[in-house]
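# Geometric and topological summary
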Amino acid sequence: MPFTNEQLERYSRHIILKEIGAKGQKKLLAAKVLIIGAGGLGAPAALYLAAAGVGTIGIADADVVDLSNLQRQVIHTTNDIGKKKVESAAETMRAINPDVTVNTYYDFVSSANIMDLIKDYDFILDGTDNFPAKFLINDACVMAKKPLSHAGIIRFKGQLTTILPGEGPCYRCIFKNPPPKDAVPTCKQAGVIGAMGGVIGSLQAMEAVKYITGVGELLSGYLLTYDALKMEFHKIKLPPRGKGCAVCSDTPTITELIDYEQIACDMHL
Amino acid sequence: MKITVAGEKKEVADGLTVAALIELENVETPQYVTVSVNEEFIDSGAFETYVLSEGDEVEFLYFMGGGAQ
Ligand SMILES: [Zn+2]
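Residues numbered from 1 in each chain as written. Chains lettered and ligands numbered in written order. Predicted model: local features only at pLDDT ≥ 70, side-chain atom pairs only at ≥ 80, totals over all residues. Heavy atoms only, no water.

## Describing the overall build of chain B
- Regarding its fold elements, chain B presents 1 helix and 5 strands.
- Reading chain B from its N terminus to its C terminus gives the helix and strand order β-β-α-β-β-β.
- Expressed as a percentage of contacts within chain B between residues at least 6 apart in sequence, the contacts between residues at least 24 apart total 54%.
- By element, 46% of the accessible surface of chain B is carried by carbon and sulfur atoms, the whole surface being about 3,500 Å². (Helix = DSSP H or I, 4+ residues; strand = E, 2+ residues; numbered from the N terminus. Contact = heavy atoms within 4.5 Å. Areas by Shrake-Rupley, 256 points an atom, 1.4 Å probe, with all protein chains shown as cover.)

Right, here's the structure in full:
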(Lines give C-alpha, C1' and ligand atoms only; values in the text may rest on other atoms or scores of the structure.)
Protein backbone atom coordinates (compact mmCIF):
# COMPACT_ATOMS: atom_id res chain seq x y z
CA MET A 1 0.00 0.00 0.00
CA PRO A 2 1.39 3.44 -0.87
CA PHE A 3 1.79 6.02 1.90
CA THR A 4 -0.88 8.66 2.31
CA ASN A 5 0.29 12.28 2.25
CA GLU A 6 -0.29 12.41 5.96
CA GLN A 7 1.90 9.35 6.53
CA LEU A 8 4.65 10.80 4.34
CA GLU A 9 4.69 13.82 6.57
CA ARG A 10 4.23 11.99 9.87
CA TYR A 11 7.12 9.62 9.16
CA SER A 12 9.29 12.04 7.18
CA ARG A 13 12.13 12.01 9.76
CA HIS A 14 12.26 8.22 9.50
CA ILE A 15 11.90 8.08 5.73
CA ILE A 16 14.77 10.54 5.26
CA LEU A 17 17.13 8.23 7.18
CA LYS A 18 18.95 6.14 4.62
CA GLU A 19 18.91 3.13 7.00
CA ILE A 20 15.11 3.27 7.35
CA GLY A 21 13.67 4.91 4.23
CA ALA A 22 10.21 4.20 2.86
CA LYS A 23 11.01 0.49 2.94
CA GLY A 24 11.83 0.51 6.64
CA GLN A 25 8.77 2.56 7.47
CA LYS A 26 6.59 0.03 5.64
CA LYS A 27 8.17 -2.73 7.69
CA LEU A 28 7.30 -0.82 10.86
CA LEU A 29 3.70 -0.35 9.74
CA ALA A 30 3.45 -4.07 9.02
CA ALA A 31 5.08 -5.11 12.30
CA LYS A 32 3.48 -6.49 15.45
CA VAL A 33 5.09 -5.86 18.83
CA LEU A 34 3.83 -7.12 22.19
CA ILE A 35 4.63 -5.11 25.30
CA ILE A 36 4.17 -7.03 28.55
CA GLY A 37 3.74 -4.59 31.43
CA ALA A 38 2.40 -1.04 30.96
CA GLY A 39 4.58 0.41 33.68
CA GLY A 40 7.94 2.15 34.03
CA LEU A 41 9.50 0.37 31.05
CA GLY A 42 6.43 -0.39 28.96
CA ALA A 43 5.09 3.18 29.09
CA PRO A 44 7.96 4.94 27.26
CA ALA A 45 8.45 1.95 24.96
CA ALA A 46 4.77 2.04 23.96
CA LEU A 47 4.88 5.80 23.35
CA TYR A 48 7.87 5.56 21.01
CA LEU A 49 6.66 2.46 19.19
CA ALA A 50 3.25 4.03 18.60
CA ALA A 51 4.84 7.26 17.42
CA ALA A 52 7.15 5.25 15.13
CA GLY A 53 4.14 3.72 13.41
CA VAL A 54 4.51 0.11 14.52
CA GLY A 55 1.30 -1.11 12.93
CA THR A 56 0.09 -3.44 15.68
CA ILE A 57 1.00 -3.04 19.33
CA GLY A 58 -0.25 -5.47 21.95
CA ILE A 59 -0.15 -4.38 25.57
CA ALA A 60 -0.66 -6.73 28.51
CA ASP A 61 -1.10 -5.70 32.13
CA ALA A 62 -3.50 -6.68 34.90
CA ASP A 63 -3.17 -3.51 36.91
CA VAL A 64 -5.00 -0.20 37.24
CA VAL A 65 -3.34 3.21 37.25
CA ASP A 66 -2.33 4.34 40.73
CA LEU A 67 -1.18 7.78 41.84
CA SER A 68 2.24 6.33 42.77
CA ASN A 69 2.70 5.17 39.15
CA LEU A 70 2.67 8.64 37.65
CA GLN A 71 6.20 9.57 38.76
CA ARG A 72 7.54 7.35 35.94
CA GLN A 73 4.75 5.73 33.90
CA VAL A 74 4.47 8.59 31.47
CA ILE A 75 1.80 7.05 29.23
CA HIS A 76 -0.81 7.56 32.01
CA THR A 77 -2.08 10.88 33.34
CA THR A 78 -3.68 12.04 36.57
CA ASN A 79 -7.11 11.68 34.92
CA ASP A 80 -6.39 7.98 34.34
CA ILE A 81 -6.12 7.03 38.01
CA GLY A 82 -8.28 3.97 38.63
CA LYS A 83 -8.44 3.09 34.94
CA LYS A 84 -7.05 -0.19 33.60
CA LYS A 85 -3.45 0.49 32.57
CA VAL A 86 -3.95 -1.25 29.24
CA GLU A 87 -6.92 1.00 28.46
CA SER A 88 -5.13 4.16 29.51
CA ALA A 89 -2.04 3.16 27.49
CA ALA A 90 -4.17 2.27 24.46
CA GLU A 91 -5.96 5.63 24.54
CA THR A 92 -2.66 7.51 24.60
CA MET A 93 -1.16 5.43 21.79
CA ARG A 94 -4.24 5.90 19.60
CA ALA A 95 -4.16 9.63 20.29
CA ILE A 96 -0.50 9.82 19.27
CA ASN A 97 -0.96 7.81 16.09
CA PRO A 98 -4.23 6.60 14.56
CA ASP A 99 -2.23 4.33 12.22
CA VAL A 100 -1.62 1.97 15.12
CA THR A 101 -3.91 -0.92 15.98
CA VAL A 102 -3.70 -1.50 19.72
CA ASN A 103 -4.65 -4.86 21.25
CA THR A 104 -5.17 -4.86 25.00
CA TYR A 105 -4.83 -7.82 27.35
CA TYR A 106 -6.05 -7.07 30.86
CA ASP A 107 -4.45 -10.14 32.38
CA PHE A 108 -1.40 -11.53 34.17
CA VAL A 109 0.94 -13.62 32.09
CA SER A 110 1.03 -17.26 33.15
CA SER A 111 2.01 -20.60 31.70
CA ALA A 112 -1.65 -20.97 30.68
CA ASN A 113 -1.85 -17.89 28.43
CA ILE A 114 1.62 -16.78 27.40
CA MET A 115 2.15 -18.97 24.35
CA ASP A 116 -1.17 -17.84 22.96
CA LEU A 117 -0.38 -14.23 23.80
CA ILE A 118 2.98 -14.10 22.00
CA LYS A 119 2.21 -16.27 19.01
CA ASP A 120 0.97 -13.54 16.65
CA TYR A 121 3.73 -11.03 17.45
CA ASP A 122 7.09 -10.43 15.75
CA PHE A 123 8.90 -9.01 18.75
CA ILE A 124 8.24 -9.17 22.50
CA LEU A 125 9.20 -6.47 24.97
CA ASP A 126 9.43 -7.45 28.64
CA GLY A 127 8.47 -4.53 30.85
CA THR A 128 7.48 -6.60 33.87
CA ASP A 129 8.70 -5.95 37.39
CA ASN A 130 9.00 -9.42 38.85
CA PHE A 131 11.24 -12.43 38.36
CA PRO A 132 8.61 -15.15 37.94
CA ALA A 133 7.19 -13.19 34.96
CA LYS A 134 10.65 -12.49 33.56
CA PHE A 135 11.62 -16.18 33.62
CA LEU A 136 8.24 -17.19 32.19
CA ILE A 137 8.53 -14.69 29.33
CA ASN A 138 12.11 -15.74 28.60
CA ASP A 139 11.27 -19.44 28.52
CA ALA A 140 8.16 -18.91 26.39
CA CYS A 141 10.07 -16.76 23.89
CA VAL A 142 12.86 -19.34 23.68
CA MET A 143 10.34 -22.14 23.12
CA ALA A 144 8.32 -20.16 20.55
CA LYS A 145 11.50 -18.69 18.99
CA LYS A 146 10.32 -15.12 19.49
CA PRO A 147 12.88 -12.31 19.74
CA LEU A 148 12.70 -10.61 23.13
CA SER A 149 13.93 -7.42 24.71
CA HIS A 150 14.55 -8.06 28.40
CA ALA A 151 15.14 -5.23 30.85
CA GLY A 152 15.22 -4.35 34.53
CA ILE A 153 15.45 -1.12 36.53
CA ILE A 154 16.01 -0.31 40.18
CA ARG A 155 17.12 2.80 42.09
CA PHE A 156 19.56 4.61 39.77
CA LYS A 157 20.42 1.55 37.68
CA GLY A 158 19.04 -0.22 34.67
CA GLN A 159 20.02 -2.98 32.28
CA LEU A 160 18.81 -4.70 29.15
CA THR A 161 19.63 -7.41 26.66
CA THR A 162 18.09 -8.66 23.46
CA ILE A 163 17.42 -12.37 23.19
CA LEU A 164 17.38 -14.02 19.78
CA PRO A 165 16.39 -17.64 20.47
CA GLY A 166 18.62 -20.16 18.73
CA GLU A 167 21.27 -17.49 18.11
CA GLY A 168 22.31 -15.66 21.28
CA PRO A 169 22.16 -16.34 25.01
CA CYS A 170 18.89 -16.07 26.93
CA TYR A 171 18.02 -14.70 30.38
CA ARG A 172 18.36 -18.16 31.91
CA CYS A 173 21.88 -18.47 30.47
CA ILE A 174 22.78 -15.59 32.82
CA PHE A 175 20.56 -16.48 35.78
CA LYS A 176 19.66 -20.14 36.29
CA ASN A 177 16.59 -19.59 38.49
CA PRO A 178 14.58 -16.73 40.00
CA PRO A 179 15.93 -15.47 43.32
CA PRO A 180 13.91 -16.57 46.37
CA LYS A 181 11.06 -14.39 47.55
CA ASP A 182 12.28 -11.02 48.85
CA ALA A 183 15.95 -11.93 48.36
CA VAL A 184 16.41 -9.16 45.81
CA PRO A 185 14.66 -5.83 46.30
CA THR A 186 11.98 -4.68 43.86
CA CYS A 187 11.26 -1.12 42.74
CA LYS A 188 8.41 -0.87 45.21
CA GLN A 189 10.71 -1.78 48.08
CA ALA A 190 13.83 0.02 46.90
CA GLY A 191 12.56 2.88 44.74
CA VAL A 192 13.51 3.87 41.22
CA ILE A 193 14.30 7.20 39.63
CA GLY A 194 11.49 8.03 37.18
CA ALA A 195 13.65 8.82 34.17
CA MET A 196 15.30 5.38 34.42
CA GLY A 197 12.23 3.81 32.82
CA GLY A 198 12.52 6.43 30.08
CA VAL A 199 16.15 5.56 29.40
CA ILE A 200 15.86 1.78 29.45
CA GLY A 201 12.32 1.53 28.00
CA SER A 202 13.36 3.77 25.10
CA LEU A 203 16.38 1.53 24.49
CA GLN A 204 14.00 -1.43 24.37
CA ALA A 205 11.89 0.40 21.78
CA MET A 206 15.10 1.14 19.86
CA GLU A 207 15.94 -2.57 19.75
CA ALA A 208 12.42 -3.39 18.52
CA VAL A 209 12.71 -0.80 15.73
CA LYS A 210 16.17 -2.10 14.75
CA TYR A 211 14.96 -5.69 14.73
CA ILE A 212 11.94 -4.84 12.58
CA THR A 213 13.88 -2.74 10.08
CA GLY A 214 16.99 -4.94 10.12
CA VAL A 215 19.21 -1.97 10.84
CA GLY A 216 22.44 -2.10 12.85
CA GLU A 217 23.57 -4.53 15.50
CA LEU A 218 21.22 -5.81 18.17
CA LEU A 219 22.12 -6.21 21.82
CA SER A 220 22.19 -9.98 21.41
CA GLY A 221 25.07 -11.56 23.34
CA TYR A 222 25.51 -8.49 25.52
CA LEU A 223 24.02 -7.09 28.69
CA LEU A 224 24.03 -3.29 28.61
CA THR A 225 24.05 -1.72 32.05
CA TYR A 226 23.44 1.91 32.94
CA ASP A 227 24.44 3.62 36.17
CA ALA A 228 22.84 7.06 36.36
CA LEU A 229 24.85 8.19 39.39
CA LYS A 230 28.15 7.52 37.64
CA MET A 231 26.55 8.39 34.30
CA GLU A 232 28.11 5.28 32.81
CA PHE A 233 26.95 2.74 30.27
CA HIS A 234 28.78 -0.59 30.32
CA LYS A 235 28.39 -3.38 27.79
CA ILE A 236 29.07 -6.84 29.19
CA LYS A 237 29.85 -9.51 26.61
CA LEU A 238 27.97 -12.70 27.44
CA PRO A 239 29.19 -16.25 26.78
CA PRO A 240 27.63 -17.98 23.77
CA ARG A 241 24.14 -19.42 23.92
CA GLY A 242 23.10 -22.56 25.60
CA LYS A 243 26.21 -23.76 27.42
CA GLY A 244 24.44 -25.74 30.13
CA CYS A 245 21.33 -23.55 29.89
CA ALA A 246 18.24 -25.41 31.10
CA VAL A 247 15.99 -23.89 28.44
CA CYS A 248 18.01 -22.80 25.40
CA SER A 249 20.74 -25.45 25.14
CA ASP A 250 20.37 -28.06 22.44
CA THR A 251 19.37 -30.56 25.12
CA PRO A 252 17.10 -28.52 27.40
CA THR A 253 15.92 -29.87 30.74
CA ILE A 254 13.10 -27.32 30.94
CA THR A 255 10.60 -28.14 28.22
CA GLU A 256 7.45 -26.93 29.94
CA LEU A 257 6.64 -23.48 31.25
CA ILE A 258 6.94 -22.88 34.98
CA ASP A 259 4.78 -20.60 37.14
CA TYR A 260 7.17 -19.62 39.91
CA GLU A 261 5.78 -18.43 43.20
CA GLN A 262 5.05 -14.73 43.14
CA ILE A 263 7.29 -12.41 45.11
CA ALA A 264 5.94 -10.79 48.24
CA CYS A 265 4.55 -7.48 46.97
CA ASP A 266 1.28 -7.64 45.11
CA MET A 267 1.08 -9.65 41.95
CA HIS A 268 1.60 -7.18 39.18
CA LEU A 269 2.74 -7.90 35.67
CA MET B 1 48.47 -8.23 39.79
CA LYS B 2 46.25 -6.19 37.52
CA ILE B 3 42.72 -7.34 36.66
CA THR B 4 39.73 -5.59 35.11
CA VAL B 5 36.51 -5.48 37.13
CA ALA B 6 33.37 -4.19 35.38
CA GLY B 7 35.55 -2.45 32.82
CA GLU B 8 37.81 -0.80 35.41
CA LYS B 9 41.48 -1.73 35.82
CA LYS B 10 42.39 -2.66 39.39
CA GLU B 11 45.48 -3.72 41.30
CA VAL B 12 44.67 -6.70 43.53
CA ALA B 13 46.62 -9.24 45.56
CA ASP B 14 48.02 -12.28 43.76
CA GLY B 15 46.02 -15.43 44.36
CA LEU B 16 42.72 -13.56 44.89
CA THR B 17 39.69 -15.83 44.55
CA VAL B 18 36.35 -14.83 43.02
CA ALA B 19 34.78 -15.07 46.48
CA ALA B 20 37.43 -12.72 47.92
CA LEU B 21 36.88 -10.26 45.07
CA ILE B 22 33.12 -10.31 45.73
CA GLU B 23 33.86 -9.33 49.33
CA LEU B 24 36.45 -6.73 48.32
CA GLU B 25 34.03 -5.11 45.88
CA ASN B 26 31.16 -5.09 48.38
CA VAL B 27 28.89 -6.83 45.90
CA GLU B 28 25.22 -6.43 46.75
CA THR B 29 23.27 -9.66 47.38
CA PRO B 30 26.46 -11.72 46.73
CA GLN B 31 24.63 -15.04 46.91
CA TYR B 32 22.62 -14.14 43.78
CA VAL B 33 25.26 -12.49 41.64
CA THR B 34 26.41 -14.09 38.39
CA VAL B 35 30.13 -13.78 37.73
CA SER B 36 31.90 -13.99 34.42
CA VAL B 37 35.67 -14.20 33.99
CA ASN B 38 37.01 -13.62 30.48
CA GLU B 39 33.49 -13.98 29.05
CA GLU B 40 32.78 -17.32 30.76
CA PHE B 41 30.33 -17.77 33.62
CA ILE B 42 31.82 -19.20 36.81
CA ASP B 43 29.73 -21.72 38.70
CA SER B 44 28.71 -20.16 42.02
CA GLY B 45 29.94 -23.32 43.77
CA ALA B 46 33.44 -22.53 42.48
CA PHE B 47 33.68 -18.92 43.75
CA GLU B 48 35.76 -19.98 46.78
CA THR B 49 38.25 -22.00 44.77
CA TYR B 50 38.50 -20.05 41.52
CA VAL B 51 41.80 -18.14 41.64
CA LEU B 52 42.03 -15.08 39.43
CA SER B 53 45.05 -14.46 37.20
CA GLU B 54 46.83 -11.38 35.88
CA GLY B 55 44.83 -9.71 33.14
CA ASP B 56 41.51 -11.43 33.94
CA GLU B 57 38.38 -9.54 33.01
CA VAL B 58 35.68 -9.96 35.64
CA GLU B 59 32.04 -8.90 35.38
CA PHE B 60 29.26 -9.02 37.96
CA LEU B 61 25.74 -9.52 36.62
CA TYR B 62 22.88 -8.61 38.93
CA PHE B 63 19.22 -9.50 39.13
CA MET B 64 17.14 -6.45 38.33
CA GLY B 65 13.36 -6.41 38.46
CA GLY B 66 11.47 -3.18 37.98
CA GLY B 67 9.32 -2.08 35.12
CA ALA B 68 5.59 -2.31 35.63
CA GLN B 69 3.70 -1.85 38.91
ZN1 LIG C 1 19.72 -19.85 27.69
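## Things to note about the coordination of the zinc ion
Residues and elements named next belong to chain A.
- For the zinc ion, the full set of protein donor atoms is Cys170 (SG), Cys173 (SG), Cys245 (SG) and Cys248 (SG), and the range of their distances to it is 2.3 Å.
- Binding-site remark: the zinc ion is held by donors from one chain whose sequence spacing is C-x2-C-x71-C-x2-C. As far as the burial class goes, cysteine 245 and cysteine 248 line up, both buried. (Donors = N, O, S within 2.8 Å, 3.2 Å for Na, K, Ca; no water. Buried < 20%, exposed > 50% of the residue type's maximum accessible area, 1.4 Å probe, protein only.)

## As for the interface of chain A and chain B
- Facing the 47 residues of chain A at the interface are 21 residues of chain B.
- A buried area of about 2,700 Å², summed over both sides, lies between chain A and chain B, and 59% of it is on carbon and sulfur atoms.
- Taken as a group, Phe175, His234 and Pro239 of chain A account for 19% of the area that chain A buries against chain B, more than any other trio of residues on that side.
- The interface formed by chain A and chain B contains 3 salt bridges.
- A salt bridge links glutamate 28 of chain B to arginine 155 of chain A, with the nearest nitrogen and oxygen atoms 3.0 Å apart.
- At the junction of chain A with chain B, the criterion picks out 6 residue pairs in polar contact (both at pLDDT 80 or more).
- Counting only elements with at least two residues in the side of chain A that touches chain B, the list comes to α7 (131–144), β5 (148–154), β6 (157–163), α8 (171–174), α9 (187–190) and β8 (232–237) of chain A.
- If one sorts the elements of the side of chain A that touches chain B by residue count, β5 of chain A sits on top with 4 residues. (Buried area = accessible area lost by both parts, 1.4 Å probe. Salt bridge = Lys/Arg side-chain N within 4 Å of Asp/Glu carboxyl O. Polar contact = N/O pair within 3.5 Å; in protein donor to acceptor, adjacent residues only side chain to side chain.)

## A look at the confidence of the model for chain B
- Per-residue confidence for chain B averages 94 on the pLDDT scale, and 96% of its residues sit at or above 70.
- The ipTM assigned to the predicted complex is 0.94, against a pTM of 0.95. (pLDDT = per-residue confidence, 0-100.)

## Some points on the packing of helix α4 (residues 42–52) of chain A against helix α10 (residues 194–213) of chain A
Residue and element names in this part refer to chain A.
- Running from N to C, α4 and α10 point in directions that differ by 40 degrees, and their axes come no closer than 7 Å. Looking at the two axes, α4 sits oblique to α10. Here α4 and α10 pass one another in a crossing that is right-handed. For the pair α4 and α10, the contacting residues are Pro44, Ala45, Tyr48 and Leu49 in the first and Gly197, Gly198, Gly201, Ser202, Ala205, Ala208 and Val209 in the second.
- Tallied by class, residues from the contact of α4 with α10 come to 7 nonpolar, 4 polar and no charged. (Axes fitted to C-alpha atoms, helices over the stretch in contact; angles between N-to-C directions. Parallel < 35°, antiparallel > 145°, perpendicular 65-115°, else oblique. Left-handed = near helix turned anticlockwise from the far one by under 90°. Nonpolar A, V, L, I, M, F, W, Y, C, P; charged D, E, K, R; others polar.)

## Let's talk about the nonpolar core
Residue and element names in this part refer to chain A.
- Among the nonpolar cores identified, the biggest contains 35 residues, and Ile36, Val109, Ile114, Ile124, Ile137 and Cys170 are the most heavily contacted of them.
- Those elements that place two or more of their residues in this core are β1 (32–36), α6 (114–118), α7 and α8.
- Of all the elements, α7 adds the most residues to this core, at 8 residues.
- Within the second largest apolar cluster, 27 residues are counted, among which are Ala45, Val86, Met93 and Ala205. (Core = buried A, V, L, I, M, F, W, Y, C linked by side-chain atoms within 4.5 Å.)

## Re the environment of asparagine 177 of chain A
- Tracing the sequence through the fold places asparagine 177 of chain A in the loop between α8 and α9.
- Judged by its relative accessible area of 44%, asparagine 177 of chain A is partly exposed.
- With 64 residues separating them in the primary sequence, asparagine 177 of chain A and arginine 241 of chain A have C-alpha atoms 16 Å apart.
- Here asparagine 177 of chain A is in contact with Phe135, Arg172 and Tyr260 of chain A together with Phe63 of chain B, once residues within four sequence places are set aside.

## Notes on the layout of surface pockets
- By volume, the largest pocket amounts to about 910 Å³.
- What lines the largest pocket is a set of 33 residues, and nearest its centre among them are Lys157, Asp227 and Lys230 of chain A together with Ala6 and Tyr62 of chain B.
- Elements represented by at least two residues in the lining of the largest pocket include exactly β6, β7 (222–227) and β8 of chain A together with β2 (8–11) and β5 (57–61) of chain B.
- Counting residues per element, the lining of the largest pocket draws most heavily on β8 of chain A, at 4 residues.
- Partitioning the lining of the largest pocket into residue classes produces 16 nonpolar, 7 polar and 10 charged.
- Counted as a void, the second largest pocket has a volume near 590 Å³.
- As for the second largest pocket, its lining consists of 28 residues, of which Cys173, Ile174 and Lys176 of chain A together with Thr34 and Phe41 of chain B are closest to the centre.
- When residues of the lining of the second largest pocket are traced back to their parent elements, those giving at least two are α8 of chain A together with β4 (40–42) of chain B.
- Broken down by class, the residue content of the lining of the second largest pocket amounts to 15 nonpolar, 6 polar and 7 charged. (1 Å grid on protein atoms, 1.4 Å probe; cavity = no way out; pocket = protein on both sides within 12 Å on 5 of 7 lines; lining within 4 Å. Points joined across faces, edges and corners; volume = space filled by probe spheres on them.)

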